[in-house]
Amino acid sequence: MHAYITSIGLISPQETAGNRFSFDLTYENAPLLRCIEPDYKQLIPPLQLRRMSRILKMGLGAAQICLKNTENLQPDAILVGTGLACINELETFMLSMLENGEQGLSSIPFINSSHNTVAAQISRMLHNHGYNSTYCHRGASFESALTDALMLLNEKNAEHVLLGGIDEYSKQYHLMLQKLGHAAVGGEGAAFFLLSRVPAGKVFARVTAVRTCYKPAADFIDTFLSAHHLHNDDIDTVLCGVNGNMQDDRIYDHPAERIFRRDTQWASYKHLCGEYTTSGSFALALAACSLLDGRFPASCILRNPRRPQRILIYNHYHRLNYSLTVVETVR
Amino acid sequence: MKVFITGMGIITAIGAGADETLSALKSGRSGIGGIRRFDTVHRHIPVGEVKQSNEELCDLLKLPTVGRYYSRTALLGLMAARQAMRSSHSVTPVRRVALVNATTTGGMDYHEMHYRKLSSDDIHAQEMELLDCAGGTHLIAETLGITDNVTTVSTACSSSANAILTGVRMIRNGLADKVLAGGSDAITRFTLNGFNTLEILSPTGCRPFDAHRNGLTLGEGAAYVVLEPEKTALPDDVLCVVSGYANVSEAYHQTSSSPDGKGAAMVIRQALSVAALSPDDIDCIHAHGTGTQVNDLSEGRAVETVFRNQIPPLSSAKGCIGHTLAAAGSAGAVVSVLSLGEQLLFPNTGFNHPMPELSFQPNTLLRKATVNHVLSNSFGFGGSNTSLIFSRY
């Protein structure tokens with residue numbers, strides 16, 4: 001199974017919402033990374049825009065940026081991975097329900113709290129009747145949606161799949177995480193990809209494998225590599241999800257010491273987008289752009305800088321949801 | 001490659017397990033009644049509650065309770081998921097077992113009941129597990145020892161139909177050797193109030209496809225199926241084949257379906273095409289049939305569009321169990337399997353008066369019939385339409 005990344009639309013804490021992505025470090029030592037949002041009026045009909053929640057604007061905006069680069073191609077399927085989905089709308093409705101004794105509630109936050117809101121509204125905006133699904137599995141949401149996208153292309157049921165990973169910062173949720181010692185810089189983002197079955201137009205890179213695991217066995221990376229007929233030295237770069245939390249980051253020591261060669265390039269990305277449940281989608285955008293550019297941005301390289309050819313994105317969320325994604329150059 | 005259902009589990013307002021469910025469906029006994037489990041100003045609105053309390057569920061599941069916290073959605077999910085896994089035995093040791101769960105409420109029932117505590121410094125690390133859709137899935141995975149491809153689908157009321165569809169495709173694409181797929185949702189104050197703001201909750205108990213239908217009735221529950229490919233399924237376990245499946249987006253409105261049922265007709269046709277069946281091969285339809293003005297007209301018109309003047313017997317189980325949201329699609333799968341296994345057509349509870357707009361009325365009697373292929377529909381917010389076809393093997 002594989003997919004060619006033929007377009008990317010990215011709204012992130014970096015200057016990435018335009019035509020040219022810049023992964024230059026915009027913030028340093030910020031306690032929290034919020035998205036630099038584009039002028040949505042250029043992307044979404046103003047009448048619809050007024051009633052939209054922020055996550056919906058981010059999702060529709062990033063999807064539009066992605067499709068604009070393809071001359072508004074109509075995808076055969078729309079897939080979204082979102083860990084916490086419309087958590088702020090959910091919070092609004094719940095709080096209003098609890099504080100007002102279940103009286104006089106507005107239906108708007110309830111409607112907008114449905115987890116599939118972003119994927120469903122993209123289909124409405126595009127008048128798209130294709131396959132439409134949403135995965136909400138915390139740290140494995142985006143990779144679950146990516147798995148489904150690869151299946152659709154493999155089944156030849158789709159030529160082009162619009163795939164997105166999206167999560168919005170929630171103050172309430174972030175405070176809970178901090179109280180419980182999950183200290184990491186919070187983040188958010190919306191990353192959309194057009195995945196194509198055959199290479200056409202501008203091709204960033206090719207995704208060749210993805211796997212998600214829940215509390216996996218110690219040898220799951222070896223199992224994954226051998227299942228895809230890959231040897232440890234076929235991977236020249238590991239783009240890992242270090243987030244500055246010592247307990248979380250210790251996870252990456254084992255593969256660095258035991259699995260991959262000493263001269264493997266190691267890179268990181270969460271200093272650019274913060275920690276959030278679908279940060280893997282930002283990582284995939286960064287990996288795809290770095291394969292095209294032939295190098296990672298300087299701030300990302302942890303050791304052994306080299307020209308990346310085949311990248312393993314290795315991330316975990318709170319040591320529960322693990323994911324592995326292989327993305328490689330097409331040149 | 002054929003994908004079989006080799007096990008199933010269910011818990012709803014009409015009982016736990018296939019046997020209790022079957023006997024209630026046969027008698028048309030409804031599980032709908034008053035709200036007993038939580039305080040609400042909307043006490044007059046009937047719902048389909050599962051009889052067991054959270055404590056009783058923990059007891060039945062032998063879960064540790066000291067210093068542990070569970071959402072009701074997760075407990076219901078584990079009850080049905082465990083039944084499903086226990087009822088399926090594989091020939092050879094199966095290597096890759098996946099879990100595709102579905103929910104719309106996640107840990108919301110716990111969240112709304114303990115909102116203050118969760119916002120305070122007293123929050124316990126494990127309670128963080130109860131705040132999203134993944135927490136209940138993790139409990140099921142952990143308890144049943146599943147680690148590979150553990151995920152959660154959330155597409156509103158079609159969620160678990162999509163979980164089954166994804167599970168079947170995982171097997172067909174060689175990503176898993178066995179998949180536990182289904183969904184779970186508890187009744188929460190959040191959903192009760194949410195649907196109430198839309199003014200679509202029935203004050204009397206839902207009456208699918210009735211001219212005087214007055215809204216949906218929330219139910220709660222969970223239902224799961226075990227999916228396996230032909231090569232590893234134990235012949236004695238095979239309950240049916242999942243022969244057809246399709247997912248389309250109606251792209252019509254954020255919360256309601258089109259009056260002409262365009263999206264529903266599209267998805268039914270696509271599912272028939274995947275199954276390589278024609279409309280007259282379908283022996284009965286397990287309808288989404290929520291009892292709202294909009295759904296039943298839209299679904300009814302779609303059925304007329306596809307089946308024309310040969311409309312198969314159709315019924316919705318929601319008059320008995322209510323609308324179990326994310327569990328509705330997988331509950332529909334279990335009802336369909338029971339229909340195939342027993343060669344029975346179940347009555348559509350709550351129906352009295354035919355809809356003037358439609359040329360047909362639902363099946364109201366328990367009947368013996370030859371049932372080879374069952375169509376099961378699930379339609380959700382955002383125009384998320386999914387149809388599944390289950391066939392006798």
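These figures come from a predicted structure and were not determined experimentally. (Residues numbered from 1 in each chain as written. Chains lettered and ligands numbered in written order. Predicted model: local features only at pLDDT ≥ 70, side-chain atom pairs only at ≥ 80, totals over all residues.)

Caption draft 1: The arrangement of the overall build of chain A in detail. Along the backbone of chain A there are 12 helices and 11 strands. Relative to its length of 331 residues, chain A is compact, with a C-alpha radius of gyration of 19 Å against a globular reference of 20 Å. Across its three principal axes, chain A shows a C-alpha extent of roughly 60 × 45 × 35 Å. When burial is assessed residue by residue, chain A has 58% of its 331 residues classed as buried. Sequence separation of at least 24 residues holds for 79% of the intrachain contacts in chain A that already meet a minimum separation of 6. (Helix = DSSP H or I, 4+ residues; strand = E, 2+ residues; numbered from the N terminus. Rg over C-alpha atoms; globule rule 2.2 N^0.38 Å. Buried ≥ 20, exposed ≤ 12 C-beta atoms within 10 Å, placed from the backbone. Contact = placed C-beta atoms within 7 Å.)

Caption draft 2: Structural context of the interface of chain A and chain B. Opposite the 52 residues of chain A that make contact, chain B presents 49 residues. Taken together, the elements giving at least two residues each to the side of chain A that touches chain B come down to helix 3 (87–99), helix 4 (107–112), helix 5 (117–126), strand 3 (131–135), helix 6 (141–154), helix 7 (171–179) and strand 6 (205–214) of chain A. Considering each element in turn, the side of chain A that touches chain B owes the most residues, five residues, to strand 3 of chain A. Here the residues of the side of chain A that touches chain B sort into 24 nonpolar, 21 polar and seven charged. (Nonpolar A, V, L, I, M, F, W, Y, C, P; charged D, E, K, R; others polar.)

Caption draft 3: Representation of the nonpolar core. Counting 230 residues, the largest nonpolar core has Ala-149, Ala-287 and Ala-288 of chain A together with Leu-180 of chain B as the members making the most contacts within it. In contact with Leu-180 of chain B, not counting residues within four places along its chain, are Ala-81, Ala-84, Met-85, Val-97, Leu-99, Ile-146, Tyr-224 and Val-226 of chain B. (Core = buried A, V, L, I, M, F, W, Y, C linked by C-beta atoms within 7 Å.)

Caption draft 4: Fine view of the domain arrangement of chain A. Residue and element names in this part refer to chain A. Entries for chain A in the domain assignment read domain 1 (3–196) and domain 2 (206–328). Using C-alpha coordinates to define each centre, domain 1 is positioned 22 Å away from domain 2. Of the residues lining the interface, 43 residues belong to domain 1; the matching set on domain 2 comes to 35 residues. Elements represented by at least two residues in the side of domain 1 that touches domain 2 include exactly strand 1 (3–11), helix 6, strand 4 (160–167) and strand 5 (189–196). A per-element tally of the side of domain 1 that touches domain 2 places helix 6 first, with seven residues. When grouped by side-chain class, the residues that make up the side of domain 1 that touches domain 2 number 22 nonpolar, 16 polar and five charged. (Domains from an automatic or database assignment.)

Caption draft 5: Here's a closer look at the environment of Gly-189 of chain A. Residue and element names in this part refer to chain A. In this fold, Gly-189 is placed in strand 5. Distance from Gly-189 to Ser-279, taken between C-alpha atoms, is 7.4 Å for residues 90 residues apart in sequence. Residues within four places of Gly-189 in sequence aside, it is in contact with Ile-11, Ser-12, Cys-35, Cys-273, Tyr-276, Ser-281 and Phe-282.

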